[in-house]
Amino acid sequence: MNKPASDVRVALLRRLATAICLLLVTVAGAQAEQTFSFDNTPGKLPKTVVPLNYAIELTPDFTTLALRGIETVNIEVREATAQLTLNAVSTTFAEATIDDGAQRAEVSTDATAQTATLAFAKPLAAGRHKLRIVFTAQINKFGTGLFSVDYPTPAGIKRLISSKLEPADARRIFPCWDEPSFKASFALTVVIPRNLLAVGNMPIASEEPVAGDLKKVAFAPTPKMSSYLFVLTVGELERVTADAGGVTVGVVTTAGKSGQGRFALDSAVKLLGYYNDYFGVKFPLPKLDLIAVPGGFGGAMENWGGITFFESRLLFDPATNAETARRGIFAIIAHEMAHMWFGDLVTMAWWDNLWLNEGFASWMATKASEQFYPQWQSWLNGYGAKQFAMTLDARRTSHPVQQPIADHSEAVTAFDAITYNKGQALIRMLETYLGEQAFRDGIRKYMAAHAYSNSTTADLWQALETSGGKTITGVAASFTEQDGVPLVVAETSCDGTAQRLTLRQDRFVIAPANDPPLPAHSWQIPVAAGPAHGKPFDEILLKGSADMPAGACGDAIKVNLGDVGYYRVEYGLKNRAALLNAFPQMQVIDRLNVVTDSWALVQAGRAEPPSYLALLDALDAGDHRAVWDQVISTFATLNRLSRDRSERPVIQAYARAKLRPVFDRIGWDGSGSGDDDTALLRASLISTLGDLGDAAVVAEAKRRFAAFLDDPSSLPTTLRDAVTHVVGITADRATYDRLLALARNSTATNERLRYYYAAASARDAELARATLALTLTSELPDTIVTGMISTVASAGEQPQLAWDFVQANFDTLLARQGPNFRDQFVPNFMTNFTDEAHAAQLAAFAPSQSTTGGRVMVARSVQAIAISADLAARVLPAADAWIRAHKP
């Protein structure tokens, strides 16, 4: 029996409230953080036994995907015990013995806890012992643990294996103490076919033939490191190398592609020197490989000495890549290489401090981009990262940067924009507050003190305070130990000819109108305020409210000059009017900050849509790409929210009218290098205007695509993604089949993705069904299956069709994609909807509620759907009315 809509909403809100309360209780229960102590570090494993070093021999079967292994682990028993508990998943234990067979263990496993307990008849005395385990694990088809990748080559389909272990999947390869504080050394040996190349964390120490066509490859032991940093890649690979101050830097690719790794290799060499100097500790391993994997997972992983990348994120081919692709390649290399220090050399003690890895790597990557390629303006053009974090952080379901993590499923949920992007923004703000030199001195002390060990955020604050000459803990902790975004309310007043500025802080919240209020927070906020096109006043540390002189009456005062601060700003009417008058004279970053905060205030219900729409009239068609990117992003949001609503035609026409002059100014063809902001803006405008139904852009994209089919050189690489996207959304059967043929005939990963995703964007329902059916075949790399389904829902505007497909084929997709499909993909996918009924369906979807991490993701997505529904109800009618009233 179907419940009435009101009952559904009540039940949904109760579920959501329960989930949120659990989250808040967990956070509130956290104690003030201490510096690192192994015994006090959170985790699931007993600390009575610790590993010292592992000697592991693995024999992968490339056909059956079985993984036979033998490991010997030297352990330290800290107090007498008859039981050892370590981690293992999908592992069969043939034998487990201690001290050269002195005792044989009885092994019991717990699939839910992902542990194996080894019970001995007699207790093991305190001291050192040798544990030997003979086991069989499995090579997965999804990108977790050790996984296989089948990829096309001119000689046919080939197979390689690689690994991805963060946060807690070394246990899928070999039994181990798979928590970051259990650091140990790893000596790996693999038995593989002689025609294959194996790459691990360390250089190959020896290689010898064994039975049949096999060889045994032994790697040098690693330094002490966490288990999730272990790496193994085996396949028909080739390697190009360069020397960087005595370290061999390599790029490893599948056969025939090493030439596409030259930009990556050159980038890694100069980054290594830059990081050695910045951190004050030289990279401690003898080699560093960047490994291009043509499948498995879509990003990169900072394995110590052997970083793995999805192939298209690392390789550059001028025949298929836009010149602007170098920016993303450099950024991801810089991020992962920063982890060689932040994460690998010094590792967070537990996943509650993941931001120490990811926030710092993100910050360092942008810093490196500014160092080597200042023309890219990486802080300015990367503004969206902070904006995305602030949008999530303003919600009820946000979490502190330092957040309690109960288990491995919750650890996965920590890899989000709060951890990465807010972490990055806070570090930049703190560096500015302390001063660049003092901050670097503190980082060097931190590295030296905790090398080959673990740390907490408290250790970092301690190092920075001893170097910076300022008390930083209170400032930093107010941003890392509580969730939320500060709001600085700025108002000016006049006393005769003199002007004063009053600042007070509040909490910036984005929530449905009827939600109960969130608890108030207080921050210590470094605020930069001053004339809109001048230098800031004296340093302000805002702890509550402040009042100060602010020039002559009527001067435009800008708060958050340079947009370094992590806070929103709401201006009083007088100062906002003065700012708009001064808008053209502001620095680009300050204009961008005003525009982004204006839209954010609309999202939060603190401003009406016309206030933002009127601001757009102050923008010049020649303004910077970053400013127009924000406008494009807002128009995309309004277009999505208005799907199937009466306001859509008016909103689309308005967006086209605003964006078309920008596009007409730069045109279809440019004369620059191809690696400039104009090229990026051009591509973004073509895609967006196509989405908005601009008939002229759609027609020209189709014309250029037809010419490309006859002569590929006719379409510049900088336009190929945008043109194929527009062709894809408007595709008929013949065009759809042509896109699939282009994907099938290519061996370049970036090209295959371009054409597959363009086909998935088709808005024709029958073509969408064909795409969904394709995701169940072996044709698509497993890496892009979820992306294809999501594209059908979003770009293809067929969310219900895709959701029906996911439900009907859930078991098959889960088996192929692994647990992240259940815990991560399904909740994220459901944010394509903006109605209570689908939020209720997600809340009731039992598989995604089966782990604590899944429940966290469901709560976040239910809240996101509710926010979208509220935004659509508030903003779309008001925007529609304003646009109609202001037609020229």
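Criteria and thresholds
Residues numbered from 1 in each chain as written. Predicted model: local features only at pLDDT ≥ 70, side-chain atom pairs only at ≥ 80, totals over all residues. Heavy atoms only, no water. Helix = DSSP H or I, 4+ residues; strand = E, 2+ residues; numbered from the N terminus. Rg over C-alpha atoms; globule rule 2.2 N^0.38 Å. Contact = heavy atoms within 4.5 Å. Areas by Shrake-Rupley, 256 points an atom, 1.4 Å probe, with all protein chains shown as cover. Buried < 20%, exposed > 50% of the residue type's maximum accessible area, 1.4 Å probe, protein only. Expected span 1.5 Å × (residues − 1). Arc of directions from axis to C-beta. Salt bridge = Lys/Arg side-chain N within 4 Å of Asp/Glu carboxyl O. Axes fitted to C-alpha atoms, helices over the stretch in contact; angles between N-to-C directions. Parallel < 35°, antiparallel > 145°, perpendicular 65-115°, else oblique. Left-handed = near helix turned anticlockwise from the far one by under 90°. Pairing = 2+ DSSP bridges. Right-handed = clockwise from strand over helix to strand, strands pointing away. Phe/Tyr/Trp six-rings, centres within 6.5 Å; stacked < 30°, edge-to-face > 60°. Polar contact = N/O pair within 3.5 Å; in protein donor to acceptor, adjacent residues only side chain to side chain.

### Some points on the overall build of the protein
If you tally the helices and strands in the protein, you get 29 helices and 30 strands. Here the protein has a C-alpha radius of gyration of 28 Å; the compact-globule value for 888 residues is 29 Å, and the two agree. C-alpha extents for the protein along the principal axes are approximately 90 × 65 × 65 Å. For the protein, restricting intrachain contacts to residue pairs at least 6 apart in sequence, the fraction spanning at least 24 positions comes to 71%. For the protein, the accessible area works out to roughly 32,600 Å², and carbon and sulfur atoms hold 52% of it.

### Some words on the environment of K122
Position of K122 among the secondary structure elements: in strand β7 (residues 115–124). Note on K122: relative accessible area 59%, which makes it exposed. Distance in space between the C-alpha atoms of K122 and T81 is 8.4 Å, their sequence separation being 41 residues. Leave out the neighbours within four places in its chain, and K122 touches A82 and Q103.

### Focus: helix α21 (residues 733–744)
The α-helix winds at 3.6 residues per turn, so residues separated by three or four positions along the chain end up facing the same way. With twelve residues, α21 should reach 16 Å at 1.5 Å per residue; the first-to-last C-alpha distance of 16 Å fits that figure. What α21 keeps buried is the set Y736, L739, L740, L742 and A743. The arc enclosing the buried residues of α21, seen along the axis, measures out at 155 degrees, which places them on a common side. Buried residues in α21 make contact with α19 (695–710), α20 (717–729), α22 (749–760) and α23 (765–774).

### Let's talk about the pattern of salt bridges
In a structure, side chains of opposite charge can pair up when their charged atoms sit close to one another. This structure, assessed with the given rule, holds 52 salt bridges. A salt bridge links D150 to K141, with the nearest nitrogen and oxygen atoms 3.3 Å apart. A relative accessible area of 35% places D150 in the partly exposed class. Under the relative-accessibility criterion, K141 is labelled partly exposed at 36%. One salt bridge connects D782 with R816, and the closest N-O pair in it is separated by 2.6 Å. Separated by 34 residues along the polypeptide, D782 in the loop between α23 and α24 (785–793) and R816 in helix α26 (residues 810–817) bring together distant segments of the chain. Relative accessible area serves as the criterion here: at 18%, R816 is assigned to the buried category. A single salt-bridge network, built from bridges that share partners, covers R327, R625, D629 and D677.

### Some words on the packing of helix α16 (residues 625–641) against helix α17 (residues 648–666)
A packed helix pair is summarised by two numbers, namely the angle formed by the two axes and the spacing between the axes. At a closest axis distance of 10 Å, the pairing of α16 and α17 adopts a crossing angle of 165 degrees. If you check the angle between α16 and α17, you find them roughly antiparallel. Crossing geometry of α16 relative to α17 is assigned as left-handed. Each of W628, V631, I632, F635, L638 and N639 in α16 lies in contact with α17, whose residues at this interface are R648, I651, Q652, Y654, A655, K658, L659 and V662.

### Focus on the pairing of strand β4 (residues 92–98)
Note: β4 against strand β8 (residues 127–138), six bridges, orientation antiparallel. Residue pairing for β8: T97 is matched across the bridge by R132. With two bridges joining them, β4 and strand β5 (residues 103–104) adopt antiparallel strand pairing. Bridging across to β5, T97 finds its partner in R104. Connecting β4 to the next strand, β5, in antiparallel fashion are four residues, including D99 with a positive phi near 50 degrees.

### Here we look at the sheet that holds β7
The three strands are arranged β3-β7-β6 in an open sheet whose pairing can be described as antiparallel. At either margin of the open sheet sits one strand with a lone partner, and together these are β3 (81–87) and β6 (106–110). Strand-to-strand twist of the sheet, defined as the mean angle between neighbouring strand axes without regard to direction, takes the value 25 degrees. Of the pairings in the sheet, the one linking β3 to β7 comprises six bridges and is antiparallel in character. Its bridge partner lying in β7, T81 is registered against L124.

### A short note on the pairing of strand β17 (residues 247–254)
Most of β17 is tucked away, with seven of its eight residues classed as buried. Sheet topology places strand β16 (residues 237–244) next to β17; eight bridges connect them, and they run antiparallel. Looking at β17, one finds that T241 is bridged to G250. Joining the antiparallel neighbours β16 and β17 is a turn of two residues, in which G245 adopts a positive phi near 60 degrees. Examined bridge by bridge, β17 and strand β18 (residues 287–293) share five bridges and lie parallel to one another. Across the sheet, V252 pairs through a bridge with I291, a residue of β18. Between the parallel pair β17 and β18, the chain is carried across by helix α2 (residues 262–279), and the sense of this crossover is left-handed.

### Digging into the packing of aromatic side chains
By the definition in use, this model includes 43 aromatic pairs. Judged by centre distance (6.2 Å) and plane angle (90 degrees), the ring pair of Y654 and W882 falls under edge-to-face. Note that Y654 is positioned in helix α17 and W882 in helix α29 (residues 852–885), a separation of 228 residues in sequence. Each of the two residues, Y654 as well as W882, counts as buried.

### Side note on the sheet that holds β17
Within the open sheet, the five strands sit side by side as β16-β17-β18-β20-β19. Their pairing is mixed. Looking along the sheet, the strands with just one partner apiece sit at the ends: β16 and β19 (300–301). When β18 meets strand β20 (residues 306–310), the two strands line up parallel, connected through five bridges. Bridging from a neighbouring strand, I291 pairs with T308 of β20. Sitting on the sheet, α2 touches β16, β17 and β18, and the angle it makes with β17 is about 155 degrees.

### Overview of helix α9 (residues 417–434)
An ideal rise of 1.5 Å per residue puts 26 Å on 18 residues; α9 measures up with 24 Å between its terminal C-alpha atoms. A side-chain oxygen of the first residue of α9 lies 3.2 Å from the backbone nitrogen of I418; this N-cap is D416. Looking at the residues trailing α9, positive phi occurs at G435, about 105 degrees.

### Remarks on the environment of P712
Summarising the element assignment, P712 is placed in the loop between α19 and α20. It is 27 Å that separates the C-alpha atoms of P712 and V662, two residues lying 50 residues apart in sequence.

### Section: the side chain of T254
For T254, the position within the fold is in strand β17. For T254, a relative accessible area of 2% puts it in the buried group. Apart from the residues within four sequence positions on either side, T254 is in contact with Y151, L160, E236, L237, E238, P294 and E311.

### Quick notes on the packing of helix α14 (residues 588–603) against α16
At a closest axis distance of 9 Å, the pairing of α14 and α16 adopts a crossing angle of 15 degrees. Relative to α16, the element α14 lies roughly parallel. In this structure, the crossing between α14 and α16 has a hand that is right-handed. Counted together, V588, L592, V595, T596 and W599 of α14 and A626, V627, Q630, T634, T637 and L638 of α16 form the full contact between these two elements.

On their own, these measurements won't tell you what the molecule is for.
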